[in-house]
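Here's the letter readout for the chains.
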Amino acid sequence: MSEIVLGVGASHSTLMNTHWEETLHKDRAERFRDALGTARDELARARPDTVVLIGSNHFRGFWLDLIPAFTLGVGECVASGESGTPKGPQPVDVPLAQHLADFLVEGGRFDPAFSARLQIDHGQSHAIQYLLDGLDVEIVPLVVNVFAHPLPTLERCEQLGRAIREAVLAFPGERRVAVVGSGGLSHRLPWPDWRDPHGEDEEFMVGAWLNGRENWQDYDARRREIIRAAEAALTPEFDDEFLTLLEHGEAYKLAACTTGELEKAAGNGAQELRTWLLMAAALDHAPARRLAYEPMPEWLTGMGVAVLDPKTADTGTAAGPRA
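The following paragraphs examine the structure supplied in this document.

Scoring rules and cut-offs
- Residues numbered from 1 in each chain as written.
- Predicted model: local features only at pLDDT ≥ 70, side-chain atom pairs only at ≥ 80, totals over all residues.
- Heavy atoms only, no water.
- Helix = DSSP H or I, 4+ residues; strand = E, 2+ residues; numbered from the N terminus.
- Rg over C-alpha atoms; globule rule 2.2 N^0.38 Å.
- Buried < 20%, exposed > 50% of the residue type's maximum accessible area, 1.4 Å probe, protein only.
- Lys, Arg positive; Asp, Glu negative; His and termini not counted.
- Charge placed at Lys NZ, Arg CZ, Asp CG, Glu CD.
- Polar contact = N/O pair within 3.5 Å; in protein donor to acceptor, adjacent residues only side chain to side chain.
- Contact = heavy atoms within 4.5 Å.
- Phe/Tyr/Trp six-rings, centres within 6.5 Å; stacked < 30°, edge-to-face > 60°.
- Core = buried A, V, L, I, M, F, W, Y, C linked by side-chain atoms within 4.5 Å.
- Axes fitted to C-alpha atoms, helices over the stretch in contact; angles between N-to-C directions.
- Left-handed = near helix turned anticlockwise from the far one by under 90°.
- Nonpolar A, V, L, I, M, F, W, Y, C, P; charged D, E, K, R; others polar.
- Salt bridge = Lys/Arg side-chain N within 4 Å of Asp/Glu carboxyl O.
- Expected span 1.5 Å × (residues − 1).

### With respect to the overall build of the chain
Next, step 1: Across its full length, the chain carries 10 helices and 9 strands.
Next, step 2: Expected size for 323 residues packed as a compact globule is a radius of gyration near 20 Å; at 18 Å, the chain falls within 12% of this value.
Next, step 3: Counting only C-alpha atoms and orienting by the principal axes, one finds that the chain spans roughly 55 × 40 × 40 Å.
Next, step 4: Of all 323 residues assigned to the chain, the portion counted as buried reaches 59%.
Next, step 5: Looking at the chain, you have 30 positive and 49 negative side-chain charges, and the mean spots of the two groups are 3 Å apart.

### Section: the side chain of Thr14
Next, step 1: Along the chain, Thr14 turns up in the loop between strand S1 (3–10) and helix H1 (15–18).
Next, step 2: Take Thr14: its relative accessible area is 6%, and that puts it in the buried class.
Next, step 3: Within the structure, the side chain of Thr14 is placed 2.8 Å from the side chain of Arg224, a separation counted as a polar contact.
Next, step 4: In contact with Thr14, other than residues within four places in its own chain, are Ser83, Thr85, His122, His126 and Arg224.

### Some remarks on the environment of Pro91
Next, step 1: Relative to the elements of secondary structure, Pro91 occurs in the loop between strand S4 (87–89) and helix H3 (94–106).
Next, step 2: For the pair Pro91 and Leu300, spaced 209 residues apart in sequence, the C-alpha to C-alpha distance is 31 Å.
Next, step 3: Not counting chain neighbours up to four residues away, the residues in contact with Pro91 comprise Val137, Glu138 and Ile139.

### Looking at the packing of aromatic side chains
Next, step 1: Scanning the entire structure with this criterion turns up 9 aromatic pairs.
Next, step 2: Centroid distance Phe147 to Trp191: 4.9 Å. Interplanar angle 70°. Geometry classified as edge-to-face. One end of the pair, Phe147, is in the loop between strand S6 (138–144) and helix H5 (154–169); the other, Trp191, is in the loop between strand S7 (176–182) and helix H6 (199–211), and 44 residues separate them in sequence.
Next, step 3: You can call Phe147 buried: its relative accessible area is 7%.

### Quick word on the nonpolar core
Next, step 1: Ranked by size, the top nonpolar core spans 104 residues in total, and within it Leu131, Leu132, Phe242, Leu246 and Trp299 carry the most contacts.
Next, step 2: Sequence-distant contacts of Leu132, defined by excluding residues within four places in its chain, comprise Leu43, Val51, Ala127, Val137 and Ile139.

### Side note on the packing of H5 against helix H10 (residues 273–282)
Next, step 1: Two elements in contact, H5 and H10, have axes separated by 7 Å at closest approach and are oriented at 35°. Between H5 and H10 lies a crossing of right-handed hand. Across from Leu154, Cys157, Glu158, Leu160, Gly161, Arg162, Ile164 and Arg165 in H5, the residues of H10 making contact are Arg274, Leu277, Leu278, Ala281 and Ala282.
Next, step 2: A breakdown of the residues in the contact of H5 with H10 according to their chemical character gives 8 nonpolar, 1 polar and 4 charged.

### A few points about the pattern of salt bridges
Next, step 1: All told, the structure shown has 23 salt bridges when counted by the stated rule.
Next, step 2: For Arg31, the salt bridge is made with Asp27, and the minimal N-O distance between the two is 3.9 Å. Placement of the pair is Arg31 and Asp27 together in helix H2 (residues 26–46), with a separation of 4 residues, close to one helical turn.
Next, step 3: With relative accessibility at 42%, the residue Arg31 sits in the partly exposed group.
Next, step 4: Judged by relative accessible area, which is 42%, Asp27 ranks as partly exposed.
Next, step 5: Ionic pairing is found between Glu42 and Arg289, a salt bridge with its closest N-O pair at 2.3 Å. Of this pair, Glu42 sits in helix H2 while Arg289 sits in strand S8 (residues 288–296); the two residues are 247 residues apart in sequence, bridging distant segments of the chain.
Next, step 6: Glu42 gets classed as buried once you look at its relative accessible area, which sits at 14%.
Next, step 7: According to the relative accessible area criterion, Arg289 is partly exposed, its value standing at 41%.
Next, step 8: Connected via shared salt-bridge partners are Arg60, Glu82, Asp220 and Arg223.

### Brief notes about H3
Because the α-helix completes a turn every 3.6 residues, residues three or four places apart line up on one side.
Next, step 1: Helix length check: H3 (13 residues) gives 18 Å between terminal C-alpha atoms against 18 Å at 1.5 Å per residue, within 8%.
Next, step 2: All of the buried residues along H3 are Leu96, Ala97, His99, Leu100, Ala101, Phe103 and Leu104.
Next, step 3: Packed against the buried residues of H3 are strand S2 (50–56), strand S3 (70–80), S6, H5 and S7.
Next, step 4: The opening residue of H3 is Asp93, an N-cap whose side-chain oxygen sits 3.2 Å from the backbone nitrogen of Leu96.

Below is the structure:
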């Protein structure tokens with residue numbers, strides 16, 4: 001029987017790679033990096049065969065010519081390698097990936113898109129770099145649209161996490177599976193609503209998102225300049241509240257938020273919390289252990305790490321309403 005052995009939620013930022021020396025709050029940065037190392041050690045101890053890797057797209061793997069809400073990688077997977085993140089082919093557990101797609105679609109649960117030649121960016125490769133380094137695992141990549149409106153609802157993401165749990169547990173054999181959600185916490189990126197850009201920078205961004213499929217690298221230098229010029233907009237109070245929900249096994253409560261409410265509370269970058277919510281639901285909302293939370297204005301993001309171990313779940317307490 002296959003089983004889910006661990007869940008990890010972790011923030012990502014390519015500025016860890018590109019601007020480490022310029023980081024002012026180096027003590028915070030080191031604590032966050034150390035927490036990633038601790039989470040990696042937890043993964044190693046859990047001995048997964050496969051990691052379902054849930055991340056966002058930053059318009060290096062998907063563009064506005066086609067934006068599915070959810071996309072499973074069921075064949076080849078190539079990391080774009082921007083900003084010092086891993087580059088090139090990544091090992092995919094094709095049998096499990098294809099089983100997830102079949103189970104979700106044929107069971108009438110979900111209709112995710114799938115790709116037999118998926119390109120991912122740091123929304124997932126940052127986790128590969130810091131959480132999976134040195135581990136002998138394959139991945140099943142799941143890309144969630146968190147930046148190109150309209151976005152899948154938070155409730156729908158929670159439901160998908162539960163369905164993925166069902167699918168993994170129904171996989172024949174004895175796969176040990178971990179689930180990683182990469183993204184968040186609070187932050188605001190200088191990215192427009194593509195439907196209504198204002199000003200030269202926003203027009204440039206939308207053009208890059210629409211036209212970058214064959215030459216996304218050509219847009220990267222100016223994209224980085226725009227991001228580096230942005231002012232940090234963090235909401236540590238929101239981040240603490242979310243992590244506390246996660247610790248209590250109550251992250252499902254986030255599903256009651258609308259997209260607009262989440263952005264107002266914690267910025268457009270907080271839409272990446274869909275990946276954490278999916279992960280937590282796949283772990284049946286087992287109580288989390290917070291490894292770190294550090295507000296990093298230099299990286300424009302509230303940076304958190306948490307681990308969900310199903311063995312610590314209180315089996316006598318329901319984790320919330322079942323879908």
